[in-house]
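For reference, the chains in residue letters:
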Amino acid sequence: MEAEGRYARLCRASYRALSALVNRERIDGYSSRYASRGLVASIGFAGLEVKPSEVFSLAFFSAMGALALVSTVGLIALALGLMDSAMAIMLIACGGIAPLLTYVYVGEYPKRRAAYMRVHSLGDVPDVISYIVMAMKLNPNIELALKFAASNSKRQLAKDVKKLMWDLQMRAYDSLDMALGAFASEWGGYSEHFKRAVFLIKSATEEREEAMRTIALNRALDVVLQGTKSLMQSFSSALHSPTLILYSIFVMVPLALVAMLPAAAIVGMRVNAIELALLYDLLFPLATLVYAHSILMRRPAAFTPADIPNVKQAIPAWAWAALALSSGAAISALYFFPLSLPIARSAFPVWGVTVAISVYCLGVYTPYKKLRDDIKKMEDEFADSLFILGRRVSEGRSPEESFAYTAAMTSGTSVGKAYARAAYNIRCLRTTLRDAVLSPEYGAFSDVYSDRIKATISMLVESSGKSGEIAGNSIVRLADHLKELQSIEDDIRKMLYTMTSMLKTTCMVFSPFIGGVTLALSQSISDVVAHTLASLSDMPESARQYFPMVPEFSAPMVSNDQFVLIIGLYLVMLVIILLRFVSGIEHGDDRYEFMYSVGTALPIAMAIFTVTTALAGSAFGSLI
């Protein structure tokens with residue numbers, strides 16, 4: 001929500017600034033003529049508190065900013081005497097294309113945001129449907145089941161369920177059947193299996209026999225789970241060609257060009273440092289990022305990870321940022337010391353950037369990663385523990401005795417500690433069952449950041465008012481329910497692991513290795529060109545007409561230090577982009593997993609690049 005808030009504030013500020021230059025009626029008139037229905041609908045769906053005229057204003061100023069940036073680069077190149085024909089052509093092309101692309105990108109943000117929310121809301125489908133099915137198995141009242149699902153999930157789909165309940169109360173629909181039909185049809189365009197599941201749940205309400213109602217509800221859950229699994233299978237199958245294009249065209253081709261750049265000078269294709277930096281540290285990473293992002297946008301959401309609140313750390317994020325910057329600056333400062341190393345000194349600034357990023361990511365996001373792993377482990381333990389709890393309750397045991405017995409059977413686990421706290425709260429604090437497990441102050445499961453566990457505990461509390469046998473059987477059914485969800489989730493994770501493990505290896509090992517080899521080869525070719533120039537310097541004037549390329553040898557070329565710095569920074573950005581791609585496939589939009597993987601993988605990748613460059617440089621140097 002922070003990104004949407006910043007976007008809205010920027011839109012409003014841009015509109016006020018543009019209104020100071022142009023009459024507001026003209027801006028609003030342009031907006032009314034050119035704002036598409038899709039844009040207006042997307043603004044409403046995404047919840048952006050902006051008008052189309054404000055969106056166009058921000059797009060206009062962003063385009064002007066892109067044009068100013070290109071102009072600034074041109075002025076710097078002209079001041080440094082680096083402006084040649086190739087640079088001029090590149091700047092003219094960027095000056096014409098960059099503002100247009102920026103205008104479209106910024107102006108289309110509401111549409112992209114709405115599409116993103118629709119696609120990723122599908123990840124809420126398994127949990128929301130499971131909550132409805134879970135509630136209806138205990139109490140066949142569809143309105144109570146919808147209320148339970150809306151109150152136990154903070155996802156976008158649950159908010160739409162809450163809106164559906166509000167529309168029912170406001171008499172927007174004549175009946176619940178009509179409301180469910182409209183709701184299923186609205187989301188059916190994005191998820192056919194969700195539509196079928198809603199209709200099955202609707203039909204279950206009309207079944208008088210519990211056995212037939214349970215069959216219909218189980219079928220609804222199966223439809224959703226198998227549909228989610230089928231979507232991920234289709235995405236995984238269709239991922240081969242885009243991934244091949246990403247790694248061949250957007251990764252291997254730029255790395256292979258590194259070795260060709262010095263040789264290109266022989267035929268007059270000279271590239272200076274600024275052109276090389278623009279190409280490798282701006283255009284190539286940007287193109288790779290856009291293509292990787294376009295692939296990830298097609299990834300269907302399966303199971304949305306649990307929301308984690310801000311974790312209180314002994315060292316705050318700003319202190320980690322300061323430590324990261326100081327560490328990076330200290331390592332980068334080694335560039336100014338005359339050290340005898342088998343690699344250019346400009347590798348130190350590259351390592352400074354690497355260390356700064358890694359220190360910050362590991363320092364800030366390791367606690368979140370640990371908490372995420374603890375939640376996953378606790379969910380696995382919780383499903384098994386429910387069988388034990390359900391059997392004790394079905395025997396007529398009291399809640400505190402059942403909790404204490406389950407805690408003893410699961411001792412040493414996180415969920416066992418929670419059960420022990422619940423038993424203590426009931427026995428010693430004399431609280432109600434609901435307060436013992438869900439009270440914000442002292443509840444045993446109040447600090448568990450898993451909506452699935454909290455929803456199941458809440459349903460367990462609801463079933464406690466029935467007889468012991470009925471409540472115990474209900475708890476066992478909840479355990480079966482959770483195990484089925486976890487089984488599908490594990491199948492999807494295994495399905496994606498085969499591909500993501502290969503991609504991660506390519507990202508961490510092969511790309512830096514190839515980059516190091518090609519960079520060393522490029523340096524060797526530069527040395528060969530320099531030796532050739534020295535050998536041909538004494539050539540008689542009468543023979544120079546047969547070697548027209550000789551004058552090109554004396555043209556300024558990128559130095560070894562500049563080459564290592566530019567390509568090293570390119571590899572840093574490339575590894576981060578590829579890690580985002582891999583993490584997006586495996587974990588979706590889990591920021592904590594991605595940042596932690598950057599902190600752990602980036603130093604390994606740059607170590608491989610550094611060692612490979614040094615060893616390959618020594619090997620190629622011995623051949624000259």
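These lines cover the structure that appears in this document, whether it is placed above or below. (Residues numbered from 1 in each chain as written. Predicted model: local features only at pLDDT ≥ 70, side-chain atom pairs only at ≥ 80, totals over all residues. Heavy atoms only, no water.)

## Description of the overall build of the chain
Across its full length, the chain holds 24 helices and zero strands. Expressed as a percentage of contacts within the chain between residues at least 6 apart in sequence, the contacts between residues at least 24 apart total 75%. A total of about 30400 Å² of accessible surface is found on the chain, and carbon and sulfur atoms cover 63% of it. (Helix = DSSP H or I, 4+ residues; strand = E, 2+ residues; numbered from the N terminus. Contact = heavy atoms within 4.5 Å. Areas by Shrake-Rupley, 256 points an atom, 1.4 Å probe, with all protein chains shown as cover.)

## What to know about the environment of Cys507
Relative to the helices and strands, Cys507 resides in helix H21 (residues 468-536). Cys507 gets classed as buried once you look at its relative accessible area, which sits at 0%. Each C-alpha atom, one on Cys507 and one on Leu571, is 9.9 Å from the other, the two residues being 64 residues apart in sequence. Discounting chain neighbours no more than four positions away, the residues touching Cys507 are Tyr247, Pro512, Val575, Leu578, Leu579 and Ala605. (Buried < 20%, exposed > 50% of the residue type's maximum accessible area, 1.4 Å probe, protein only.)

## What about the packing of helix H8 (residues 142-151) against helix H9 (residues 156-169)?
Closest axis-to-axis distance for the H8/H9 pair is 8 Å, and the angle between their directions is 140 degrees. One finds that H8 runs oblique with respect to H9. The element H8 and its partner H9 pack so that their crossing is left-handed. Together, Glu143, Leu146, Ala149 and Ala150 of H8 and Ala158, Val161, Lys162, Leu164 and Met165 of H9 make up the contact between the two elements. Looking at side-chain class alone, the contact of H8 with H9 contains seven nonpolar, no polar and two charged residues. (Axes fitted to C-alpha atoms, helices over the stretch in contact; angles between N-to-C directions. Parallel < 35°, antiparallel > 145°, perpendicular 65-115°, else oblique. Left-handed = near helix turned anticlockwise from the far one by under 90°. Nonpolar A, V, L, I, M, F, W, Y, C, P; charged D, E, K, R; others polar.)

## Thoughts on the side chain of Thr518
Within the secondary structure, Thr518 is located in helix H21. Reaching out from Thr518, the side chain makes a polar contact with the backbone oxygen of Leu255 at a distance of 3.3 Å. Here Gly515 takes part through its backbone oxygen, which lies 3.1 Å from a polar atom of the side chain of Thr518. Among residues more than four places away in sequence, those in contact with Thr518 are Leu255, Ala256, Val258 and Ala259. (Polar contact = N/O pair within 3.5 Å; in protein donor to acceptor, adjacent residues only side chain to side chain.)

## Overview of the pattern of salt bridges
This model, assessed by the stated rule, comprises nine salt bridges. In this structure, the salt-bridge partner of Glu593 is Lys369, at a minimum N-O distance of 3.0 Å. Here Lys369 lies in helix H16 (residues 347-394) and Glu593 lies in helix H24 (residues 591-621), a separation of 224 residues in the sequence. There is no split in this pair, since Glu593 and Lys369 are both buried. For Lys376, the salt bridge goes to Asp380, with nearest N and O atoms at 3.0 Å. Pair noted here: Lys376 and Asp380 are both in helix H16, with a separation of four residues, about one helical turn. Note on Lys376: relative accessible area 23%, which makes it partly exposed. What makes Asp380 partly exposed here is its relative accessible area of 28%. One network of salt bridges, in which partners are shared, links Lys369, Asp373 and Glu593. (Salt bridge = Lys/Arg side-chain N within 4 Å of Asp/Glu carboxyl O.)

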